[in-house]
Amino acid sequence: MSGYRIAVFASGTGSNFQALAEAAAEGRLGGATVELLVCDKPAAPVVGRAERLGIPKHLFVPKQYGSREEYEAEIVAKLEELDIDLVVLAGYMRLLTSVIVDKYAGRLINIHPSLLPAFPGTNAIGQALDYGVKLSGVTVHFVDGGMDTGPIIAQRAIEVAEHETEESFAQAVHAVEQELYPQVVALFAQGRVKLEGRKVTLLKG
């Protein structure tokens, strides 16, 4: 199979999934194509987005399996069948095991709504506002099996306005995510991301 092929893992509304799919259709993903949605919640809105866009999907219900490793082995088989080059987590709400993390080391990325290493884990936007930071933002990073601990690929800062609410700041964060994530995936597709230890270099085109 030719071209640079990505799979997107998502559990929720799928706004970043949509942004990636639209970027691919418009030629803004460095030649990459979105070949698969992997979703652990068959009723999630992202599934409808995939159907409307004509993107194949792999749906599963975790509690129907004996372990995380069992359903992840099934996912890996699907990724291999489609010759996936890059696994892109976009609001996928499950920690991955070594079954996927080891198999796709260096080819597995996530987007997180804070400037890591600050505010890892869930509700990062709420954490940042509760702490009173003046700057927060978005981080794209490699996944290494920890909780948002992988090497950082790209970050973009967002100023926290006076009287910011969690809802208003979330809108600002999501707008930046939908711009930054396709840009980073395009760099992978163009072979411009170099990882050495924890240091990531983005090569000039």
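Since the structure is predicted, the reported quantities are computational estimates derived from the model, not experimental observations.

1. What to know about the packing of aromatic side chains
Link 1 in the chain: One pass over the structure, following the stated rule, counts six aromatic pairs.
Link 2 in the chain: Between F9 and Y92, the ring centres sit 5.3 Å apart and the planes meet at 80°, which makes this aromatic pair edge-to-face. With F9 in strand β1 (residues 4-9) and Y92 in the loop between β4 (86-89) and α4 (98-101), this pair connects stretches of sequence that are 83 residues apart. In this pair, the class of F9 matches that of Y92, namely buried.

2. Description of helix α1 (residues 15-25)
Link 1 in the chain: Looking only at α1, the buried set comprises N16, F17, Q18, A19, L20, A21 and A23.
Link 2 in the chain: For α1, the elements touching its buried residues are β1, β2 (32-39), α2 (45-53), β4, β5 (108-112) and α6 (166-189).
Link 3 in the chain: One or two positions beyond α1, positive phi appears at G27, with a value near 75°.

3. Here we look at the sheet that holds strand β3 (residues 57-59)
Link 1 in the chain: Across the sheet, which stays open at both edges, the seven strands sit in the order β3-β2-β1-β4-β5-β6-β7 with mixed pairing between neighbours. Edge positions in the sheet fall to β3 and β7 (152-159), since each has one partner strand and no second. Pairs of neighbouring strands in the sheet enclose a mean axial angle of 20°, with direction left out of account.
Link 2 in the chain: Bridge count for strand β6 (residues 135-142) against β7 is seven bridges, and the pairing is antiparallel. Bridge pairing in β7 links H141 to I152.
Link 3 in the chain: Here α1 sits on the sheet and contacts β1, β2, β4 and β5; the angle it forms with β2, its principal contact strand, is near 155°.

4. Let's talk about α6
Link 1 in the chain: Taking 1.5 Å of rise per residue, the 24 residues of α6 would be expected to cover 34 Å, and the 34 Å separating its terminal C-alpha atoms lies within 8% of that figure.
Link 2 in the chain: Just beyond α6, the residue with positive phi is G191, at close to 70°.

5. Considering unusual backbone geometry
In terms of backbone geometry, most residues other than glycine have negative phi values and most peptide bonds are trans.
Link 1 in the chain: The omega torsion of the bond from L116 to P117 falls at 10°, within 30 degrees of zero and hence cis.
Link 2 in the chain: Examined against the element boundaries, P117 turns out to sit in the loop between β5 and α5 (124-131).
Link 3 in the chain: A positive phi angle is found at F119, which is not glycine, with a value near 55°.
Link 4 in the chain: A relative accessible area of 15% means that F119 is categorised as buried.
Link 5 in the chain: A positive phi angle is found at D148, which is not glycine, with a value near 60°.

6. Some points on the UniProt feature "binding site: N(1)-(5-phospho-beta-D-ribosyl)glycinamide" (unreviewed entry) in the protein
Link 1 in the chain: This chain's UniProt record puts "binding site: N(1)-(5-phospho-beta-D-ribosyl)glycinamide" (unreviewed entry) on G14, S15 and N16.
Link 2 in the chain: For G14, the position within the fold is in the loop between β1 and α1.
Link 3 in the chain: Residue contacts for G14: discarding those within four places in its chain leaves V46 and R49.
Link 4 in the chain: Here N16 shows up in helix α1.
Link 5 in the chain: Given a relative accessible area of 8%, N16 falls into the buried group.

7. Thoughts on the UniProt feature "active site" (unreviewed entry) in the protein
Link 1 in the chain: When the UniProt feature table is mapped to this numbering, "active site" (unreviewed entry) covers H112.
Link 2 in the chain: Along the polypeptide, H112 turns up in strand β5.
Link 3 in the chain: Excluding anything up to four places from it in sequence, H112 contacts F119, P120, G121, A124, G137, V138, T139, H141, D148 and E177.

Scoring rules and cut-offs
- Residues numbered from 1 in each chain as written.
- Predicted model: local features only at pLDDT ≥ 70, side-chain atom pairs only at ≥ 80, totals over all residues.
- Heavy atoms only, no water.
- Phe/Tyr/Trp six-rings, centres within 6.5 Å; stacked < 30°, edge-to-face > 60°.
- Helix = DSSP H or I, 4+ residues; strand = E, 2+ residues; numbered from the N terminus.
- Buried < 20%, exposed > 50% of the residue type's maximum accessible area, 1.4 Å probe, protein only.
- Contact = heavy atoms within 4.5 Å.
- Pairing = 2+ DSSP bridges.
- Axes fitted to C-alpha atoms, helices over the stretch in contact; angles between N-to-C directions.
- Expected span 1.5 Å × (residues − 1).
- UniProt positions renumbered as here; feature names shortened; annotations may be inferred.

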